[in-house]
2 protein chains.
Amino acid sequence: MHLVVIGGVAAGLSAASRARRLDPKLEITVVEKSRHISWAACGLPYFLEGRVAKLDQLQIYSRDFFESQRKIRIRTEAEVVAVSYPRRQLRLRTGEIIPFDKLIFATGAFRACHIPGAFRIDTWEDAEQLKSHLERQRPRQAAIVGSSYIGLEAAEMLRAHGLKVTLYEARKDVLGREDPWLTGRVVPHLQRCRIEFRPETRVTDLVSPELTLLACGLQPNSNLAREAGVETGARGAICVNERMETNLADIYAAGDCAETLHLVTGRPDWIPLGTTANKMGRVAGTVAAGGREKFPGIVGTGILRVCGLCVAFTGLSEAMARSEGFLPVSVTVEAREKAVYFQGRPTSVQLTADRRTGRLLGACLVGEEAAAGRINVLAVALSQRMTVDQLAWLDLAYAPPYSTVWDPVLIAAQQLRKLL
Amino acid sequence: MHLVVIGGVAAGLSAASRARRLDPKLEITVVEKSRHISWAACGLPYFLEGRVAKLDQLQIYSRDFFESQRKIRIRTEAEVVAVSYPRRQLRLRTGEIIPFDKLIFATGAFRACHIPGAFRIDTWEDAEQLKSHLERQRPRQAAIVGSSYIGLEAAEMLRAHGLKVTLYEARKDVLGREDPWLTGRVVPHLQRCRIEFRPETRVTDLVSPELTLLACGLQPNSNLAREAGVETGARGAICVNERMETNLADIYAAGDCAETLHLVTGRPDWIPLGTTANKMGRVAGTVAAGGREKFPGIVGTGILRVCGLCVAFTGLSEAMARSEGFLPVSVTVEAREKAVYFQGRPTSVQLTADRRTGRLLGACLVGEEAAAGRINVLAVALSQRMTVDQLAWLDLAYAPPYSTVWDPVLIAAQQLRKLL
């Protein structure tokens with residue numbers, strides 16, 4: 001029995017490792033088109049910053065570890081160009097044929113935007129090229145296209161290198177959240193950090209001849225699967241059930257190439273993120289190896305640091321909720337995150353609920369590091385379909401170094417109750 | 001209609017304020033035996049430390065604010081010595097009679113232990129006396145009796161003043177959690193901070209002639225209520241329902257003097273804490289003023305800083321779970337709280353679940369500040385009666401400055417699943 005995994009980063013190697021743990025006899029091959037496997041892509045902005053001195057520090061496990069310890073065959077620089085489901089085989093660009101009994105697509109995502117000469121920061125090689133450009137050419141200005149996670153993170157890092165940074169976004173709002181409140185907190189902060197934000201600006205050419213960075217147009221890398229007869233959904237990502245099974249028997253998908261169930265809308269969605277990829281990979285590997293496992297889905301939680309500010313969200317924004325047929329009502333609160341004498345600073349909370357049911361639909365926090373813990377409280381609430389009434393009385397931890405008697409989350413929930 | 005509230009701190013003033021908001025015509029009187037109302041008792045250790053320079057900084061609202069803005073009559077230095085339910089009146093120590101239509105007991109807790117000459121740090125006056133003793137006598141050693149929140153916090157503060165500190169505890173474990181794992185993390189940390197811990201040591205006399213501080217024997221202050229015919233529970237606290245109603249019509253109780261429903265055991269419990277007191281007060285005030293409100297209960301969440309270490313817990317320890325008839329099984333995990341290149345340090349997680357149902361029963365975290373957010377995730381999980389299987393796949397926020405791809409909570413839950 002031969003399990004082949006296409007993709008050697010988060011989802012792919014989680015899947016391969018889990019399959020090995022379940023079935024010591026399974027033959028497992030991971031096929032990766034680049035030269036690098038098992039590395040933490042989320043660390044690339046911090047390599048750009050210099051906080052991560054060498055890319056090697058982002059390596060999680062070595063190739064040798066997988067091969068000798070886990071008995072997983074690793075094929076790098078091996079690009080799959082076709083998959084034949086009837087023949088249960090795949091073909092590499094070199095012409096080599098690899099047969100499989102079970103196949104996991106962990107092919108990730110790609111940027112559909114193209115500007116000749118522009119940099120990217122999606123792969124190990126991208127990061128090396130960009131860093132080398134920064135060090136050798138010492139550009140004085142940069143244009144970033146797309147206010148995605150990576151766009152905002154890269155803006156901070158390039159600014160830290162002293163560059164004049166302009167961030168272009170095709171839409172009105174940042175981070176694809178359709179959330180003017182969130183945009184209204186992030187953009188002034190960018191301005192304070194002297195990063196210029198240009199909304200509703202579509203970029204098709206090199207904006208800064210010195211350095212243009214593409215951080216837009218992310219798409220699921222699902223063509224190979226689609227050509228093999230695997231179903232894809234509205235956003236082009238591979239359709240899977242809770243067990244990461246596709247419409248074809250013995251074919252699975254996990255990570256940024258696949259859809260996942262959004263527990264707030266109850267419908268499949270495509271929100272590519274490393275942490276979700278790891279979870280989906282674990283489930284795909286377990287099921288492919290004959291085990292039982294289910295991935296219940298996501299609630300749309302995200303977090304990033306923007307010039308020292310913690311920006312976190314979960315669930316739906318008001319606009320997203322409206323287009324899902326909810327009747328959203330929101331409240332925003334500015335509250336101190338902990339006691340004044342512990343230098344407690346203001347944290348901003350936005351909660352959105354459904355007027356019909358009183359159910360929490362989404363939340364957004366902007367503030368200090370503790371916003372991470374608070375957004376997680378709201379993520380759990382969403383996954384449990386909690387109402388704002390339930391939220392408002394939660395037994396959250398209180399001591400002056402960590403919170404206020406009424407936690408900012410509870411203050412916001414108590415406010416929102418009044419509107420329901 | 002006259003509402004009288006006995007007690008002018010957290011629960012009492014929350015109740016009075018909420019009642020006023022609901023009913024602008026209600027006559028409201030707050031009767032407080034000390035000279036001070038509306039102050040943050042949780043800040044006393046930080047006054048001792050010096051971080052809070054003056055006790056006035058712990059004042060939340062002034063007496064004048066309540067009287068002129070909220071039209072609430074405030075009676076300080078007014079100790080109630082008897083309550084007659086049939087006559088709907090109470091008597092002060094001065095002999096003065098105050099009639100009421102509705103009455104809220106917010107009488108708090110007191111220390112049942114007595115060592116003549118020992119200090120306390122429970123009231124404004126206690127704190128003034130102790131601080132003045134520290135400044136004038138400059139003691140070189142201190143004995144603290146009881147490893148409660150206040151005991152542990154005071155130990156840190158006295159140590160910070162350069163005193164040799166010994167902490168005595170009658171039981172084996174700290175914080176009344178019957179949790180050797182927690183004790184095993186806290187005690188070595190105390191030792192690193194050069195605070196000596198003496199477990200299973202009952203103290204009846206002054207241990208340090210220079211400074212002995214009582215932080216043990218907390219009891220609900222419910223005698224007055226009991227003498228008036230109000231029912232009390234196993235721990236001596238006033239029995240209330242979700243609406244903070246006692247067994248007597250028009251008589252309510254809230255805060256440290258009252259029981260509350262423990263959502264994990266499903267039974268009333270007595271866990272006196274400021275944040276719970278505020279919530280109960282808000283409900284008591286609403287209901288006393290004719291409104292509708294329910295306090296669903298607590299899950300036993302607590303947090304404190306011990307010499308810079310964040311110690312947080314929620315739900316039941318294994319021993320507590322066993323005596324509640326559960327079949328507890330626990331796992332402990334040491335995981336990095338965020339990326340290495342963000343100085344992510346190890347955080348320790350203990351999760352306890354019920355082997356029969358797979359339900360989470362309790363959790364404990366010891367680590368950095370972010371432990372606060374993580375314990376809250378587990379508190380929500382407890383309040384929702386989540387299973388460890390559900391916990392293990394939560395969509396928690398991930399970015400290198402704030403977490404790891406698998407959050408420490410998820411790592412622990414994934415481990416615990418294997419034992420169920």
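Residues numbered from 1 in each chain as written. Chains lettered and ligands numbered in written order. Predicted model: local features only at pLDDT ≥ 70, side-chain atom pairs only at ≥ 80, totals over all residues. Heavy atoms only, no water.

## Quick word on the domain arrangement of chain A
All names here are of chain A.
- According to the domain assignment, chain A consists of domain 1 (2-39 + 58-110 + 218-288), domain 2 (124-214) and domain 3 (302-419).
- Each of domain 1 and domain 2 has a C-alpha centre, and these two points are 31 Å apart.
- In this assembly, six residues from domain 1 lie in contact with four residues from domain 2.
- Residues Arg-35 and Glu-125 are paired through a salt bridge, measuring 3.7 Å at the closest nitrogen-oxygen approach. (Domains from an automatic or database assignment. Contact = heavy atoms within 4.5 Å. Salt bridge = Lys/Arg side-chain N within 4 Å of Asp/Glu carboxyl O.)

## Details of the interface of chain B and chain A
- Listed by partner, the interface residues are 61 residues for chain B and 61 residues for chain A.
- The contact between chain B and chain A buries some 5,300 Å² in all, and 62% of this surface belongs to carbon and sulfur atoms.
- Across the pair Glu293(B) and Arg417(A) runs a salt bridge, and its minimum N-O distance is 2.6 Å.
- At the boundary of chain B and chain A, one finds 19 residue pairs in polar contact (both at pLDDT 80 or more).
- At the level of elements, helix H8 (274-288), strand S17 (302-306), strand S18 (309-315), helix H10 (371-383) and helix H12 (408-418) of chain B are the ones that each hand at least two residues to the side of chain B that touches chain A.
- Among the elements that line the side of chain B that touches chain A, the one with the most residues is H10(B), at nine residues.
- Its residues assigned to classes, the side of chain B that touches chain A comprises 34 nonpolar, 15 polar and twelve charged. (Buried area = accessible area lost by both parts, 1.4 Å probe. Polar contact = N/O pair within 3.5 Å; in protein donor to acceptor, adjacent residues only side chain to side chain. Helix = DSSP H or I, 4+ residues; strand = E, 2+ residues; numbered from the N terminus. Nonpolar A, V, L, I, M, F, W, Y, C, P; charged D, E, K, R; others polar.)

## Examining the sheet that holds strand S1 (residues 2-6) of chain B
Residue and element names in this part refer to chain B.
- The parallel open sheet is built from five strands, whose spatial order is S3-S2-S1-S7-S14. Each end of this open sheet is capped by a strand with a single partner; those strands are strand S3 (73-75) and strand S14 (251-253). Neighbour to neighbour, the strand axes of the sheet diverge by 20° on average, direction disregarded.
- Along the sheet face, helix H1 (residues 10-22) touches S1, strand S2 (27-31), S3 and strand S7 (102-105) and points at about 170° away from the line of S2.
- The sheet strands contacting H8 are S1, S7 and S14, and the helix crosses S7 at an angle near 175°. (Pairing = 2+ DSSP bridges. Axes fitted to C-alpha atoms, helices over the stretch in contact; angles between N-to-C directions.)

## A look at the nonpolar core
- Core analysis: the largest hydrophobic core is formed by 194 residues, its most contacted members being Phe105(A), Leu351(A), Phe105(B) and Leu351(B).
- Look past the residues within four positions of Phe105(B) in its chain and what remains in contact with it is Ile6(B), Val83(B), Leu224(B), Ala225(B), Val230(B), Ile238(B), Ile251(B), Tyr252(B), Ala253(B), Ala254(B) and Cys257(B). (Core = buried A, V, L, I, M, F, W, Y, C linked by side-chain atoms within 4.5 Å. Buried < 20%, exposed > 50% of the residue type's maximum accessible area, 1.4 Å probe, protein only.)

## Quick word on unusual backbone geometry
- At Glu200(A), a position not held by glycine, the phi torsion is positive, near 50°.
- Here Arg194(B), not a glycine, exhibits a phi torsion of approximately 60°, which is positive.

## Observations concerning the side chain of Ser147(A)
All names here are of chain A.
- Secondary-structure assignment places Ser-147 in the loop between strand S9 (141-145) and helix H5 (149-160).
- At 2.6 Å, the side chain of Ser-147 and the side chain of Glu-169 are in polar contact.
- Among residues more than four places away in sequence, those in contact with Ser-147 are Leu-152, Leu-167, Tyr-168, Glu-169, Asp-173, Val-174, Leu-175 and Phe-197.

## A short note on the confidence of the model for chain A
- Per-residue confidence for chain A averages 96 on the pLDDT scale, and 100% of its residues sit at or above 70.
- Scored as a complex, the prediction yields pTM 0.97 and ipTM 0.98. (pLDDT = per-residue confidence, 0-100.)

## Some details on the pattern of salt bridges
Residue and element names in this part refer to chain A.
- Inspection of the entire model under this criterion finds 45 salt bridges over all chains.
- Across the salt bridge formed by Arg-305 and Glu-156, the nearest N and O atoms sit 3.1 Å from each other. Highlighted residues: Arg-305 in strand S17 (residues 302-306) and Glu-156 in helix H5, separated in sequence by 149 residues. Grouping residues by exposure puts Arg-305 and Glu-156 together as buried.
- Several salt bridges converge on common partners, so that one network encompasses Glu-49, Arg-51, Glu-156 and Arg-305.

## Focus: the sheet that holds strand S11 (residues 195-198) of chain A
Residue and element names in this part refer to chain A.
- Taking strand neighbours across the sheet as the criterion, the four strands line up as S11-S10-S9-S12 in an open arrangement whose pairing is parallel. This sheet does not close on itself; its edge strands, each paired only once, are S11 and strand S12 (212-214). Each strand axis lies, on average, 20° off the axis of its neighbour in the sheet, ignoring direction.
- Where S9 meets S12, three bridges bridge the pair, whose relative direction is parallel. Considered in S12, the bridge of Val-145 is made with Leu-214.

## Here's the deal with the relation of the copies chain B and chain A
- Under the fitted operation, chain B is carried onto chain A by 0.0 Å of movement along the axis and a turn of 180°, and the coordinates agree to an RMSD of 0.0 Å. Overall, the copies show the geometry of a two-fold rotation axis. Considering only C-alpha atoms, the residue of chain B closest to the rotation axis is Gly373(B), which sits at 1.8 Å.
- By residue overlap, the copies meet face to face through one surface: 100% of the interface positions of chain B are interface positions in chain A. (Least-squares fit on C-alpha atoms with pLDDT ≥ 70 in both.)

## Some remarks on the packing of aromatic side chains
- Per the counting criterion, the structure on display carries 20 aromatic pairs over all chains.
- For the ring pair Phe342(A) and Tyr46(B), a centre distance of 4.9 Å and an interplane angle of 85° mean the geometry is edge-to-face. With Phe342(A) in the loop between strand S19 (328-336) and strand S20 (346-354) and Tyr46(B) in helix H2 (residues 44-49), the pair connects residues from two separate chains.
- Judged by relative accessible area, Phe342(A) falls into the buried class, the value being 7%.
- For Tyr46(B), a relative accessible area of 0% puts it in the buried group.
- Grouped by ring-pair contacts, the aromatic residues Tyr46(A), Tyr341(B) and Phe342(B) constitute a single cluster.
- Here the guanidinium or amino end of Lys131(A) rests over the ring plane of Phe47(A), the centre of that ring lying 4.3 Å away. (Phe/Tyr/Trp six-rings, centres within 6.5 Å; stacked < 30°, edge-to-face > 60°. Lys NZ or Arg CZ within 6 Å of the ring centre and 35° of its normal.)

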